[in-house]
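These are the residues of each chain, in order.
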Amino acid sequence: MFGYLAAAIVCAAAVLIVLLGPASFPSVPGLISLFAGSECGVSGGRVLGQKELSEHNGGPGSPGLYLAVLGLVFDVKKGSKHYGPGGSYSFFAGKDASRAYVTGDFTEKGLVDDLSELSPLGMLHLNNWLSFYRQNYDFVGKLVGRFYDKKGQPTKALEDALAVIDIGLKLKEQRIEENKQFPPCNVESSSGISRVWCSNRSGGIHRDWVGVPRKMYLAGSDGYRCVCVRTSGPPTEHPDSTEHRDRGDLDNPLLKEYEECNPLFDWCLLKE
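Keep in mind that what you see is a predicted model, and the values were worked out from it rather than measured.

Student: Mind showing me how you'd approach the state of the cysteines here?
Tutor: Joining two cysteines, a disulfide is a covalent bond between their sulfur atoms. Under the counting rule described, the total for this entry stands at three disulfides. Each sulfur in the disulfide pair Cys-185 and Cys-226 lies 2.1 Å from the other. The S-S bond linking Cys-185 to Cys-226 shows a torsion near -75 degrees; that makes this disulfide left-handed. Taken as a pair, Cys-185 in the loop between helix H7 (156–181) and strand S5 (186–190) and Cys-226 in strand S8 (residues 224–229) lie far apart in primary sequence, 41 residues in all. Accessibility expressed as a relative area gives 14% for Cys-226, which makes it buried. Disulfide pairing places Cys-261 opposite Cys-268 at an S-S distance of 1.6 Å. Residues Cys-261 and Cys-268 share a disulfide whose torsion about the S-S bond is about 55 degrees; that sign makes it right-handed. The pair formed by Cys-261 and Cys-268 is uniform in burial state, with each residue classed as buried.

This is the structure:
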């Protein structure tokens, strides 16, 4: 999954590299060479206006079936059973409804290209969709509007969107590393009671220890998630510590015990 996201962000950034030129990104080592070709499909194509795009809705007399994501237009005719009239995704046809791919709001108000207030991880989800269309449908060109001007040049809005995607990718990397140290608990609920427990594969993280469930609080928030914590050996952040040399990560300040459970058990029953 991480590789898929990395490929997606590389191709999204290619929009700016190809159109603005290598000098626009001098501070990223090795980045320019990745965009020397047109593998990501953002070079070429034509510039379309909003009216022309709206006419490509697949309806009677329509010249085709197009949609746009982040200002990039794709021909989705081969997916007409989904995007054509009566299809389950027909509301995407003839417009750039980038916001709806993240919010799931398929009303007229939600089917817009305004990405303000979307979270970095939400923007990564949108980038997954962009990668999907690039891989499965023909690239047509660029849409004049929020993300491209009349000459097909990227706007500040596109630059901002790519910056948020980049933040999302960094957060994803951070979560992957965090999950290696604190894998998520297994969870199941029934009749108002939740059971959380740890195993050497919980959270999809294979390891040689099981751990015990703890509440891990998010910095600057009252929210928490259940994680499995290593109970022996030195703490991860201080492998040479003598004070806590055989308590694993139990003394991490972001962790709290489940008060109603035995802190030494690898499982816990919680009333909802």
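From this point on, the discussion continues.
Student: I tried to follow helix H6 (residues 120–136) on my own but got confused; where do I start?
Tutor: Residues three or four positions apart in an α-helix share a direction because the helix packs 3.6 residues into each turn. For H6, with 17 residues, the first-to-last C-alpha span of 25 Å sits near the 24 Å given by 1.5 Å per residue. What H6 keeps buried is the set Gly-122, Met-123, Leu-124, Leu-126, Asn-127, Asn-128, Leu-130, Ser-131, Tyr-133 and Arg-134.

Student: Is there a simple way to think about the environment of Glu-260 in this case?
Tutor: With respect to the helices, strands and loops of the structure, Glu-260 is situated in the loop between strand S9 (255–256) and strand S10 (267–271). Taking relative accessible area as the criterion, Glu-260 reaches 54% and is therefore assigned exposed. Sequence separation between Glu-260 and Lys-271 is eleven residues, and the spatial gap between their C-alpha atoms is 9.4 Å. Setting aside residues up to four positions removed in sequence, Glu-260 forms contacts with Leu-269 and Leu-270.

Student: Even after reading the chapter, I still don't get unusual backbone geometry, so can you show me in this structure?
Tutor: Glycine aside, the phi torsion of most residues is negative, and most peptide linkages are trans. A positive phi angle, close to 75 degrees, is found at Glu-117, a residue other than glycine. Tracing the sequence through the fold places Glu-117 in the loop between helix H5 (98–103) and H6. The phi dihedral of Ser-191 is positive, around 55 degrees, even though this residue is not glycine. For Ser-191, a relative accessible area of 75% translates into the label exposed.

Student: Explanation requested: the side chain of His-56 in the structure shown.
Tutor: Note on placement: His-56 falls in the loop between helix H3 (50–55) and strand S2 (66–69). Reaching out from His-56, the side chain makes a polar contact with the backbone oxygen of Glu-52 at a distance of 2.8 Å. For His-56, the residues in contact, after removing those within four places along its chain, are Arg-46, Ser-62, Pro-63, Gly-64, Leu-65, Tyr-66 and Gly-94.

Student: Explanation requested: the packing of aromatic side chains in the structure shown.
Tutor: To describe a pair of aromatic rings, you give the distance between the ring centres and the angle between the ring planes. One pass over the structure, following the stated rule, counts 20 aromatic pairs. Ring geometry for Phe-74 against Phe-139: centres 6.0 Å apart, planes inclined by 65 degrees, an arrangement best described as edge-to-face. With Phe-74 in strand S3 (residues 72–75) and Phe-139 in strand S4 (residues 138–143), this pair connects stretches of sequence that are 65 residues apart. A residue is classified by how much of its surface remains accessible, and Phe-74, at 1% relative accessible area, is buried. Given a relative accessible area of 24%, Phe-139 falls into the partly exposed group. With a centroid separation of 5.2 Å and an interplanar angle of 50 degrees, the aromatic rings of Tyr-101 and Trp-129 are classed as tilted. Here Tyr-101, found in helix H5, pairs with Trp-129, found in helix H6; they are 28 residues apart in sequence, far enough to count as distant. On the accessibility criterion, Trp-129 (25% relative accessible area) is partly exposed. Its guanidinium or amino end placed over the ring of Trp-197, Arg-195 lies 4.2 Å from that ring's centre, counting from NZ or CZ. The ring of Tyr-217 is capped by Lys-256, whose NZ or CZ atom sits 5.2 Å from the centre of that ring.

Student: Where do I start with the environment of Asp-249 in this structure?
Tutor: Looking at the element boundaries, Asp-249 is found in the loop between S8 and S9. By relative accessible area, which is 2% here, Asp-249 ends up buried. Not counting the four nearest positions on each side in its chain, Asp-249 is found in contact with Gln-181, Phe-182, Val-229, Arg-230, Pro-235, Thr-236, Glu-237 and Leu-255. At a separation of 2.8 Å, a polar atom in the side chain of Asp-249 contacts the main-chain amide nitrogen of Thr-236.

Calculation rules
Residues numbered from 1 in each chain as written. Predicted model: local features only at pLDDT ≥ 70, side-chain atom pairs only at ≥ 80, totals over all residues. Heavy atoms only, no water. Disulfide = S-S within 2.5 Å. Helix = DSSP H or I, 4+ residues; strand = E, 2+ residues; numbered from the N terminus. Buried < 20%, exposed > 50% of the residue type's maximum accessible area, 1.4 Å probe, protein only. Expected span 1.5 Å × (residues − 1). Contact = heavy atoms within 4.5 Å. Polar contact = N/O pair within 3.5 Å; in protein donor to acceptor, adjacent residues only side chain to side chain. Phe/Tyr/Trp six-rings, centres within 6.5 Å; stacked < 30°, edge-to-face > 60°. Lys NZ or Arg CZ within 6 Å of the ring centre and 35° of its normal.

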